Amino acid sequence: MNKVTDSLKGLAVLVLFQLLGECLAYVLPIAVPGPVLGMVLLFFTLRQLSPPDWLVNTAGKLIGMLSLFFIPAGVGIFFLPEAIQQQWPAILAAIIGGTLLSIALTGLTLKALTRTSLNDG
Amino acid sequence: MAEVPFNESMDLLFSVSLLALTVIVYFAGLWAFQKARHFSLLHPLASSCLLIAALLYSVDIDYARYQRANSIFYWLLGPATVALAIPLNREFNRIRALAQPLLLTLLFGSIAAPMCAVTLAFLFGADPLTLISLTPKSVTTPIALSIAQEVGAMGALTAGVVIFTGVVGAIAGPGLLSLLGVHDERLQGFTLGINAHGVGTARAFDISPLCGAFSSLALGLTGVLTALTLPTLLLCLSKIL
């Protein structure tokens, strides 16, 4: 029972920060989504206070289940309108080729830039 | 024809079954993935999406109906994104040591990722609408969808492309990087976060908590940076062309 209350407490804190993020997003003149601003706010809060165990555990569980949360959106790619479905070779090229290419480019850039500074452990 | 429930309680029961379908298929996919010793083509997200799509087609259920029943998962992406602040904070000192190369790579990566996708799709003859919908493909879903709205892309296409970009990154990313001599888990994590957002970050946490923290950082920064720059960049491009 304690575990359940802990998870609920953790979720409540995360949702509270998301809400604060949404408010900030509404006020700021830029198109940054609320959850990302909520993450930034929580990050700065944690620089001042160390997080309680129940928050760390809830966060770990949510992060561990990220893949599950993406499923409904992922299923959508199989239900696109006809006109878009005809372009699947281009879409596939972008998803597979484009992703591999940009991973290779960014990975090599990062490696080249960190050659001297990686010895700190 | 989609199945039409004849009253509210039937409708609710139907929604609960569609929700249960997602959870059951996901855990079955995860189990198979672990049984196959993390054989990467069996990535649980890829296999679950395929299987659910096939099931929906075979019993003739609309995607919109399925999506509505599963909106809780879309909602949970919000707190899960906020939760990334915790590993980020834990590893902050090790991240700060590499701040300069990380930021430079971030700038490069957040332009390179959409450029690679758009160039390849253009060569394969995609429409302008499709090209625009591909631009936020390396950004985490909630941000990608608000960017899509901003630049007039097709949200459903963007969402699907984003997820499968993440799947490709998670499946092939670590192997490709090792092949190119990028072995350090911090660098692998950061590259996964730039290119493969939350799905790549989930994979990075499989490698190690440190790898995951670097990936979370890249995910957040890429999202913010792209949200700030992409709409302006596209506006300038449309004026030139």
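Every value quoted in this text rests on a predicted model; they were computed, and no experiment measured them.

**Student:** Kindly report on the overall build of chain B, identifying the contributing residues and their values.
**Tutor:** Secondary structure summary: chain B contains 12 helices and 0 strands in total. Secondary structure elements of chain B, listed N to C terminal, follow the sequence α-α-α-α-α-α-α-α-α-α-α-α. Over its C-alpha trace chain B gives a radius of gyration of 19 Å, about what one expects of a compact globule, namely 18 Å for 241 residues. Expressed along its principal axes, the backbone C-alpha trace of chain B runs to roughly 60 × 50 × 30 Å. For chain B, restricting intrachain contacts to residue pairs at least 6 apart in sequence, the fraction spanning at least 24 positions comes to 66%. One finds the centroid of the 11 positive side-chain charges in chain B at a distance of 13 Å from the centroid of its 11 negative side-chain charges.

**Student:** Describe the overall build of chain A, with residues and values.
**Tutor:** A count of helices and strands for chain A gives 6 helices and 0 strands. If you list the helices and strands of chain A from N to C, you get α-α-α-α-α-α. Against the 2.2 N^0.38 benchmark of 14 Å for 121 residues, chain A shows a C-alpha radius of gyration of 20 Å, more extended than a compact globule. Expressed along its principal axes, the backbone C-alpha trace of chain A runs to roughly 50 × 45 × 35 Å. Here chain A holds 121 residues, and 43% of them are scored as buried. Pairs at least 24 residues apart make up 45% of the contacts formed inside chain A by residues separated by at least 6 positions. For chain A, the exposed area adds up to about 6,300 Å²; of that, 69% sits on carbon and sulfur atoms.

**Student:** Hey, could you go over helix H3 (residues 53-64) of chain A for me, with residue numbers and the actual values?
**Tutor:** Residues and elements named next belong to chain A. If you check H3, its first and last C-alpha atoms are 16 Å apart, about what 12 residues at 1.5 Å a residue would give, namely 16 Å. Turning to H3, its buried residues are Leu55, Thr58, Ala59, Leu62 and Ile63. Here the buried residues of H3 occupy an arc of 130° about the axis, which is enough to place them on one side. For H3, exposure combined with an orientation more than 90 degrees from the buried face picks out Asp53 and Gly64.

**Student:** I'd like to hear about the domain arrangement of chain B, residue by residue, with values.
**Tutor:** Residues and elements named next belong to chain B. When cut into domains, chain B gives domain 1 (8-69) and domain 2 (83-240). For domain 1 versus domain 2, the separation of C-alpha centres amounts to 25 Å. Domain 1 puts 7 residues into the contact, and the matching count from domain 2 is 7 residues. Counting the surface lost from both domain 1 and domain 2, the interface buries some 560 Å², and carbon and sulfur atoms represent 84% of this. Between the two partners, domain 1 and domain 2, sit 0 residue pairs in polar contact (both at pLDDT 80 or more). Residue classes in the side of domain 1 that touches domain 2 are distributed as 4 nonpolar, 3 polar and no charged.

**Student:** Summarise the confidence of the model for chain B; cite the residues concerned and give the values.
**Tutor:** Considering every residue of chain B, the mean pLDDT works out to 84; 96% of them sit at 70 or more. The weakest mean pLDDT in chain B belongs to helix H9 (residues 141-151) of chain B at 76; the strongest belongs to helix H2 (residues 44-58) of chain B at 90.

Cut-offs used in this document
Residues numbered from 1 in each chain as written. Chains lettered and ligands numbered in written order. Predicted model: local features only at pLDDT ≥ 70, side-chain atom pairs only at ≥ 80, totals over all residues. Heavy atoms only, no water. Helix = DSSP H or I, 4+ residues; strand = E, 2+ residues; numbered from the N terminus. Rg over C-alpha atoms; globule rule 2.2 N^0.38 Å. Contact = heavy atoms within 4.5 Å. Lys, Arg positive; Asp, Glu negative; His and termini not counted. Charge placed at Lys NZ, Arg CZ, Asp CG, Glu CD. Buried < 20%, exposed > 50% of the residue type's maximum accessible area, 1.4 Å probe, protein only. Areas by Shrake-Rupley, 256 points an atom, 1.4 Å probe, with all protein chains shown as cover. Expected span 1.5 Å × (residues − 1). Arc of directions from axis to C-beta. Domains from an automatic or database assignment. Buried area = accessible area lost by both parts, 1.4 Å probe. Polar contact = N/O pair within 3.5 Å; in protein donor to acceptor, adjacent residues only side chain to side chain. Nonpolar A, V, L, I, M, F, W, Y, C, P; charged D, E, K, R; others polar. pLDDT = per-residue confidence, 0-100.

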